[in-house]
Amino acid sequence: AMKFNGYLKVRIGEAVGLQPTRWSLRHSLFRKGYQLLDPYVTVSVDQVRVGQTSTKQKTNKPTYNEEFSATVTNGHQIELSVFHDTPIGYDDFVANCTLHFQDLLRSTGSSDSFEGW
């Protein structure tokens, strides 16, 4: 598999359509209707966290517009994960997406930026 060596810059724009977690449903005062999360996004390269957005309160479509940079050596993949910030214990996993450098490099062709997900 192709590996990536270089400078990575990731911009997290927004997340949409996030679903409530069991924790958020269980701890909600309002049991009926759609439940809101306190979401943040982590950016990892090959299991190593290189960035984390701020937490947005009470929303299932947060807007971040935050940027993260990392120098990558022999990189295989980038993982973006959304978590619900819980007041106690471990934060709740909501959703994730894995992007392989190989696919990103192939899809960009001559340009060197990729926009997706």
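Refer to the preceding data block for the structure.
What comes next concerns the included structure. Just so it is clear, the model here is predicted, and its values are computed rather than measured.

**Section: the overall build of the protein chain**
Counting its secondary structure elements, the protein chain contains 2 helices and 6 strands. Secondary structure elements of the protein chain, listed N to C terminal, follow the sequence β-α-β-β-β-β-β-α. Across the 117 residues that make up the protein chain, the buried fraction comes to 39%. Counted over contacts in the protein chain with a minimum sequence separation of 6, partners at least 24 positions apart contribute 58%. Accessible surface, the protein chain: about 7,700 Å² in total, of which carbon and sulfur atoms supply 51%.

**Some words on the side chain of Thr53**
Mapping Thr53 onto the fold places it in the loop between strand E3 (48-52) and strand E4 (63-75). Leave out the neighbours within four places in its chain, and Thr53 touches Ile12, Tyr40, Val41, Tyr64, Glu66 and Phe68.

**Some remarks on the pattern of salt bridges**
In total, this model carries 2 salt bridges according to the counting rule given. A salt bridge links Arg11 to Glu67; its shortest N-O distance comes to 3.1 Å. With Arg11 in strand E1 (residues 4-14) and Glu67 in strand E4, the pair connects residues that are 56 residues apart, well separated along the chain. By relative accessible area, which is 51% here, Arg11 ends up exposed. Note that Lys58 and Asp38 form a salt bridge whose closest N and O atoms lie 3.7 Å from each other.

**Structural notes on the nonpolar core**
Leu8, Ile12, Leu18, Val43, Val72, Ile78 and Phe101 are the most contacted members of the largest nonpolar core, which has 21 residues in total. At the level of elements, E1, strand E2 (39-45), E4, strand E5 (77-84), strand E6 (92-100) and helix H2 (101-108) are the ones that each hand at least two residues to this core. The leading source of residues in this core is E1, at 4 residues. The residues contacting Phe101, other than those within four sequence positions of it, are Phe4, Leu8, Val45, Val72, Gly75, His76, Gln77 and Ile78.

**Points about the sheet that holds E6**
Spatial strand order, E3-E2-E5-E6: 4 strands in an open sheet with antiparallel pairing. Every other strand in the sheet has two partners, leaving E3 and E6 as the edge strands with one partner each. Going from strand to strand, the sheet's axes swing by 25° on average, the running direction of each strand aside.

**As for the packing of aromatic side chains**
Evaluation of the coordinates by the stated rule reveals 3 aromatic pairs. Note on Phe4 and Phe101: the rings are 4.8 Å apart at their centroids and 15° apart in plane angle, and the pair reads as stacked. Here Phe101 lies in helix H2 and Phe4 lies in strand E1, a separation of 97 residues in the sequence. Three or more aromatic residues joined by ring pairs make a cluster, and in this case those are Tyr40, Phe83 and Phe93.

Cut-offs applied
- Residues numbered from 1 in each chain as written.
- Predicted model: local features only at pLDDT ≥ 70, side-chain atom pairs only at ≥ 80, totals over all residues.
- Heavy atoms only, no water.
- Helix = DSSP H or I, 4+ residues; strand = E, 2+ residues; numbered from the N terminus.
- Buried < 20%, exposed > 50% of the residue type's maximum accessible area, 1.4 Å probe, protein only.
- Contact = heavy atoms within 4.5 Å.
- Areas by Shrake-Rupley, 256 points an atom, 1.4 Å probe, with all protein chains shown as cover.
- Salt bridge = Lys/Arg side-chain N within 4 Å of Asp/Glu carboxyl O.
- Core = buried A, V, L, I, M, F, W, Y, C linked by side-chain atoms within 4.5 Å.
- Pairing = 2+ DSSP bridges.
- Axes fitted to C-alpha atoms, helices over the stretch in contact; angles between N-to-C directions.
- Phe/Tyr/Trp six-rings, centres within 6.5 Å; stacked < 30°, edge-to-face > 60°.

The values are spatial; any link to function lies outside them.
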